[in-house]
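Descriptive analysis of the structure
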Amino acid sequence: MDKRTLAYNLLIGAVLLVAVAHTAIAFVFSTGLADVGALVIAVGLVGLALVNL
């Protein structure tokens, strides 16, 4: 794995971590923003798959 791929993985992983926390907090406080978090998680997972192909 080269440095660029590692950097992309770490960046997308950090975004996914924030999205998971955001979605969990949205569920707990019923803010209605859980859909946004779920969308960001889905896009992040697709991004990780594309980076690691």
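Everything below is about the structure printed above this text.
Let me begin by describing the structure that accompanies this report. Remember, it's a predicted structure, so these values are computed and weren't measured experimentally.

Tracing the chain through its elements places N9 in helix α1 (residues 3-29). Owing to a relative accessible area of 14%, N9 belongs among the buried residues under this scheme. A polar side-chain atom of N9 sits 3.1 Å from a polar atom in the side chain of N52. When residues no more than four places from it in sequence are discounted, the contact partners of N9 are M1, L48, V51 and N52.

Below, the discussion takes up the environment of A26. Positionally, A26 belongs in helix α1. For A26, a relative accessible area of 6% corresponds to the buried category. Sequence separation between A26 and V36 is ten residues; the distance between their C-alpha atoms is 9.5 Å.

The rules behind the values
- Residues numbered from 1 in each chain as written.
- Predicted model: local features only at pLDDT ≥ 70, side-chain atom pairs only at ≥ 80, totals over all residues.
- Heavy atoms only, no water.
- Helix = DSSP H or I, 4+ residues; strand = E, 2+ residues; numbered from the N terminus.
- Buried < 20%, exposed > 50% of the residue type's maximum accessible area, 1.4 Å probe, protein only.
- Polar contact = N/O pair within 3.5 Å; in protein donor to acceptor, adjacent residues only side chain to side chain.
- Contact = heavy atoms within 4.5 Å.

In short, geometric facts, not functional conclusions.
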